[in-house]
Amino acid sequence: VKVAVIVVAAGSGTRLGAGVPKAFVQLAGRSILEHSLHSVAGMSSQPHVVVVAPEELLDDARAVLERVIGAGDAVAGGVTRQASVAAGLALVGDADIVLVHDAARALTPAALFDRVVDTVAATGSGAIPGLPVSDTIKRTAEGGAIIATVDRAELSAVQTPQGFPAAPLRAAYEAAARDVTDDAQLMADAGHPVAVVEGDPLAFKITTAWDLRRAEELLRPASV
Ligand code: CTP
Ligand code: MG
């Protein structure tokens, strides 16, 4: 099977607030994007890699792609994550399976990519990594009044890479009728089954300065 991985790195990183787009922020001596591409390079299959980056950083994205993967495409992203994924999808060529990955999940192990590919290949449908939720979750009204406690047992905190058969993913993007924050929602909207597979704590998303600090700690030589 031919696998393509779209690494979306075109966000601005407002919540991190580092002054440069998040994927280009330095983490233990490398950019966040470079860390993510190292994970992709460790996959057991050799996928076609598409990096979606901010227009003004496309040359940088191409350079790191060349250095870490040796081949692949870089394309400018859009205003939303969804638009950025759509830009990447245009370049996946004849891939059978497409994985969509947030560059911001810089420490994601290569084995998680492999698990997602293997599940999609075995089932023919979408697979996304998820972890049980450890906090008790409340549904609240504006102002904070508690409406209900959500049963934690039926919740999953989902991550990326999210993997799908290429054709239905393309169709789901063409038919997209609303803004979503992950690709599995568009697949579900289009009526396609998607299953959650076991995620990995290392696939956490670097969103805030706190997350960046946690990633730095995890990458310190003595700690891993
Ligand atoms: N992303 C993208 N294009 C966008 C928005 C997001 O490619 N227009 C990517 C980000 O680069 C990131 C992933 O989608 O790898 C997840 O998004 P998020 O963590 O929200 O990153 P940002 O949008 O950059 O951060 P913020 O929301 O804090 O601005
Ligand atoms: Mg965002």
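Predicted, not measured: the structure shown is a model, and the values here were computed from it. (Residues numbered from 1 in each chain as written. Chains lettered and ligands numbered in written order. Predicted model: local features only at pLDDT ≥ 70, side-chain atom pairs only at ≥ 80, totals over all residues.)

### Remarks on the overall build of the chain
Operational definition: Strands are runs of DSSP state E lasting at least 2 residues, helices are runs of H or I lasting at least 4, and numbering of each runs from the N terminus. Both definitions apply: the radius of gyration is a C-alpha atom measure, and the globule rule equals 2.2 Å times residues to the power 0.38. Every C-beta atom is placed from the backbone, and the number of other C-beta atoms within 10 Å of a residue's own sets its class: buried at 20 or more, exposed at 12 or fewer, partly exposed in between. A residue pair is marked as a contact if its C-beta atoms, positioned from the backbone, fall within 7 Å.
Secondary structure assignment for the chain yields seven helices and twelve strands. Computed over C-alpha atoms, the radius of gyration of the chain comes to 17 Å, within 12% of the 17 Å expected from 2.2 N^0.38 for 224 residues, which places it in the range of a compact globule. If one aligns the C-alpha atoms of the chain with their principal axes, the spans along those axes are about 50 × 40 × 35 Å. Expressed as a percentage of its 224 residues, the buried residues of the chain come to 41%. Sequence separation of at least 24 residues holds for 69% of the intrachain contacts in the chain that already meet a minimum separation of 6.

### Quick look at the environment of proline 193
Of note, proline 193 is situated in the loop between helix H6 (183-189) and strand E12 (194-198). According to the C-beta neighbour criterion, proline 193 is exposed, with 12 such atoms within 10 Å. Those residues within four positions of proline 193 in sequence are excluded, and the remaining contacts are Ser125 and Gly126.

### Description of the pairing of strand E5 (residues 73-76)
Operational definition: Note: two strands are recorded as paired if DSSP finds a minimum of 2 bridges between them. The crossover handedness rule: strands pointing away from the viewer, path from first strand over the helix to second strand clockwise, crossover right-handed.
Pairing of strand E4 (residues 48-53) with E5 involves four bridges; the strand directions are parallel. Paired with valine 52 across the two strands is valine 75, which belongs to E5. Remark: the E4/helix H2 (residues 58-68)/E5 crossover connection has right-handed handedness.

### Re the packing of helix H1 (residues 32-41) against H2
Put simply, the rule is: Fitting a line to C-alpha atoms yields each axis, with helices limited to the stretch in contact; the angle taken between N-to-C directions then spans 0 to 180 degrees. Each crossing gets its hand from how the near helix is turned against the far one by less than a right angle, where anticlockwise is left-handed and clockwise is right-handed. Each residue is assigned to one of three groups, with Ala, Val, Leu, Ile, Met, Phe, Trp, Tyr, Cys and Pro labelled nonpolar, Asp, Glu, Lys and Arg labelled charged, and all others, Gly among them, labelled polar.
Running from N to C, H1 and H2 cross one another at 35°; their axes reach a closest spacing of 10 Å. Our pair here, H1 against H2, has a crossing hand that is right-handed. Where H1 abuts H2, its residues Leu33, Glu34, Leu37, His38 and Ala41 lie against Ala61, Val64, Leu65 and Val68. For the contact of H1 with H2, the class distribution of residues is seven nonpolar, one polar and one charged.

### Things to note about unusual backbone geometry
The linkage connecting threonine 160 with the following residue, proline 161, adopts the cis geometry, with an omega of 10°. Topologically, proline 161 is positioned in the loop between strand E10 (156-158) and strand E11 (162-165). Phi is positive for alanine 28, which is not a glycine, with a value near 50°. Its location among the elements puts alanine 28 in the loop between strand E2 (26-27) and strand E3 (30-31).

### So, the nonpolar core
How we decide: Note on terminology: a nonpolar core is a set of buried residues of type Ala, Val, Leu, Ile, Met, Phe, Trp, Tyr or Cys, with members joined through C-beta atoms within 7 Å.
Ranked by internal contacts, the top residues of the largest apolar core, which has 60 residues, are Ile6, Val7, Ala9, Val51, Val52 and Val98. Element by element, the count of residues in this core is highest for strand E1 (residues 3-8), at six residues. Residues within four places of valine 51 in sequence aside, it is in contact with Val7, Ala9, Ala61, Leu65, Gly72 and Ala74.

### Some words on the environment of arginine 152
Position of arginine 152 relative to the elements: it lies in the loop between strand E9 (146-150) and E10. Distance in space between the C-alpha atoms of arginine 152 and valine 5 is 31 Å, their sequence separation being 147 residues. If we skip the residues at most four places from it in the chain, arginine 152 touches Val133, Thr136 and Ile137.

### Comments concerning H1
In terms of burial, H1 is a largely internal element, eight of the ten residues being buried. Within H1 the residues assigned to the buried category are Ile32, Leu33, Glu34, His35, Ser36, Leu37, Ser39 and Val40.

### Quick notes on the environment of valine 40
Along the chain, the position of valine 40 falls in helix H1. By C-beta crowding, valine 40 is classed as buried, having 23 other C-beta atoms within 10 Å. Distance from valine 40 to alanine 76, taken between C-alpha atoms, is 20 Å for residues 36 residues apart in sequence. Residues contacting valine 40, with those up to four places away along its chain left out, are Val5, Val7, Pro47, Val49, Ile69 and Phe113.

### Brief notes about H2
Stated precisely, the cut-off is as follows: For this quantity, the arc is that covered by the directions from the helix axis to the C-beta atoms.
For H2, the full list of buried residues reads Ala61, Val64, Leu65 and Val68. Buried residues of H2, viewed axially, fall in a sector of 105°; they line one side. Summarising the geometry of H2, the exposed residues directed more than 90 degrees from the buried face are Asp59, Glu66 and Arg67. Those residues of H2 that are buried lie in contact with E3, H1, E4 and E5. Once H2 ends, the next one or two residues include glycine 70, with phi positive near 95°.

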